[in-house]
Amino acid sequence: MNQYFQSEHVVINTLNEKMELVYRDLLLCYMKNDYIMKTPLHLINPNDENQFLSTSTVYMGVKVLNQIKIPAIQQRKDLLNEFYNRCINFIKTSCLQIKKRYDFSNPILPLVNMLTPSVALSSNMREKYPSITCLSEQLHRIVNGDSNIQKLDDQWRTIVLVRLPSEILTEKEPDKFWTLIKELETGQFIDLAEFALAVLCLPHSNASCERVFSKINCIKTKSRNRLITSTVSATVITSECLKKNNGNCISFQPTKLMFDSMSYTSLYPSSVNNKTVIDINEEEEIFSLEN
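Residues numbered from 1 in each chain as written. Predicted model: local features only at pLDDT ≥ 70, side-chain atom pairs only at ≥ 80, totals over all residues. Heavy atoms only, no water.

Colleague: So, the overall build of the chain: which residues are in play, and what are the values?
Modeller: Check the secondary structure of the chain and you find 18 helices and zero strands. A globule of 291 residues ought to have a C-alpha radius of gyration of about 19 Å, yet the chain, at 28 Å, is considerably larger. Dimensions of the chain, computed from C-alpha atoms along their principal axes, come out at roughly 100 × 55 × 35 Å. Per-residue burial for the chain yields a buried fraction of 29% across its 291 residues. By sequence separation, contacts in the chain at least 24 residues apart represent 54% of the contacts at least 6 residues apart. Carbon together with sulfur atoms contributes 54% to the accessible area of the chain, which is approximately 19900 Å² in total. Each charge class in the chain can be summarised by its mean position, and for the 32 positive and 32 negative side chains these summaries are 11 Å apart. (Helix = DSSP H or I, 4+ residues; strand = E, 2+ residues; numbered from the N terminus. Rg over C-alpha atoms; globule rule 2.2 N^0.38 Å. Buried < 20%, exposed > 50% of the residue type's maximum accessible area, 1.4 Å probe, protein only. Contact = heavy atoms within 4.5 Å. Areas by Shrake-Rupley, 256 points an atom, 1.4 Å probe, with all protein chains shown as cover. Lys, Arg positive; Asp, Glu negative; His and termini not counted. Charge placed at Lys NZ, Arg CZ, Asp CG, Glu CD.)

Here you go:
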């Protein structure tokens, strides 16, 4: 789970499914199956001792179960019970901390699964998600007005009927998938793609933010403390672009557009607009006079 939350890929579309799976798996280690499977997760109380399994049926893995079968251990019932109680308390604490940090009653996160490429293009899943209004109506800041919601819904219902290019059908990363949908020449799903990309921008953890903070600390050091915000931002973005396709600063090949952008007017637009910098020709004349 820690690796999952440290991921730099978009995982918010599968986040709720992952959290429910892990939470249930831990609860089933020490609580009754009927209670866990029939009760909504947000209503389950990990502290409810009435729903606890007997200590001998608590699940702690195959290796632990094999060790407990050793006769020398079976003879010490007092220590064995203490061991069971400590294990139950450990798992129970884990469940309480998960419940404290994740809202299983959140109405939005389960619906984001609609934006998974395999779900969006599946005709079978349309029985579960016939309309995208269930998600769009929850996100008022992204969608404004009934007309926009209807436009999104029309495109959602149509996308499963259209024959798309093979590179789109084989793309599994949700952000890359919807970017390709947005870039279609027909432009018939551009509103739906922009909505999906906006939703997928919701952060699933603070790991990416912490990485940016660490990178900024390496860029804006004591010896470079006068760097302005735009320069720091551009440096961070450049660093992220270099990592695309497992690249680095050695293997990176600048494009012609990048070279063309390295001009006097584009690098120093404010100076050019305010006419605070001496013209290049004038500067050459000054240098020649000084020499």
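Colleague: Describe in detail the packing of aromatic side chains, supporting the description with residues and values.
Modeller: Any two aromatic rings considered together are summarised by their centre-to-centre distance and by the angle between their planes. With the rule as written, the count across this model stands at six aromatic pairs. Ring geometry for Tyr4 against Phe5: centres 6.0 Å apart, planes inclined by 80°, an arrangement best described as edge-to-face. Looking at Phe5, the relative accessible area reads 21%, which means it is partly exposed. Measuring from centroid to centroid gives 6.2 Å for Phe83 and Tyr84, while their planes differ by 55°, and the two rings are tilted. In this structure an aromatic cluster arises from ring pairing among Tyr23, Tyr102 and Phe104. One cation-aromatic arrangement involves Lys18 over Tyr4; the distance from NZ or CZ to the ring centre is 5.5 Å. Here the guanidinium or amino end of Arg126 rests over the ring plane of Trp156, the centre of that ring lying 4.1 Å away. (Phe/Tyr/Trp six-rings, centres within 6.5 Å; stacked < 30°, edge-to-face > 60°. Lys NZ or Arg CZ within 6 Å of the ring centre and 35° of its normal.)

Colleague: Explain the confidence of the model for the chain residue by residue, including any values.
Modeller: Detailed conclusions should not be drawn from predicted coordinates in areas where pLDDT is low. The predicted model of the chain has a mean per-residue pLDDT of 86, with 92% of residues at 70 or higher. Counted against residues more than four places away or in other chains, residues 276-291, with its pLDDT under 50, gives seven contacts. (pLDDT = per-residue confidence, 0-100.)

Colleague: Describe in detail the nonpolar core, supporting the description with residues and values.
Modeller: Counting 60 residues, the largest nonpolar core has Tyr30, Leu115, Leu135, Trp178 and Ile181 as its most contacted members. For this core, the secondary-structure elements that each account for two or more residues are helix H2 (12-27), helix H3 (33-38), helix H6 (77-101), helix H7 (117-120), helix H9 (146-159), helix H11 (174-182) and helix H12 (190-200). When neighbours within four sequence positions are excluded, Leu135 is seen to be in contact with Ile108, Leu111, Val112, Met114, Leu115 and Phe195. (Core = buried A, V, L, I, M, F, W, Y, C linked by side-chain atoms within 4.5 Å.)

Colleague: If you had to explain the environment of Lys32 to someone new, which residues and values would you point to?
Modeller: Note that Lys32 resides in the loop between H2 and H3. For the pair Lys32 and Asn50, spaced 18 residues apart in sequence, the C-alpha separation works out to 9.2 Å. If we ignore the near neighbours within four places in the chain, the residues touching Lys32 are Asn50, Gln51, Phe52 and Leu53.

Colleague: Can you tell me about the pattern of salt bridges, naming the residues and giving the values?
Modeller: All told, the structure shown has five salt bridges when counted by the stated rule. Here Glu8 makes a salt bridge to Arg211, at a shortest N to O gap of 3.6 Å. Highlighted residues: Glu8 in the loop between helix H1 (2-6) and H2 and Arg211 in helix H13 (residues 207-219), separated in sequence by 203 residues. On the basis of relative accessible area, Arg211 is assigned to the partly exposed category, the value being 30%. (Salt bridge = Lys/Arg side-chain N within 4 Å of Asp/Glu carboxyl O.)

Colleague: Lay out a nonpolar patch on the surface in plain terms, naming residues and giving numbers.
Modeller: Among the surface-exposed residues, Met262, Leu267 and Tyr268 lie close enough to one another that they form a single nonpolar patch of about 350 Å² accessible area. Mapping Met262 onto the fold places it in the loop between helix H15 (256-261) and helix H16 (264-267). Overall, the relative accessible area of 60% leaves Met262 in the exposed class. (Patch = residues over 30% accessible without salt bridge, like charges linked within 9 Å, V, L, I, M, F, W, Y side chains within 5 Å.)

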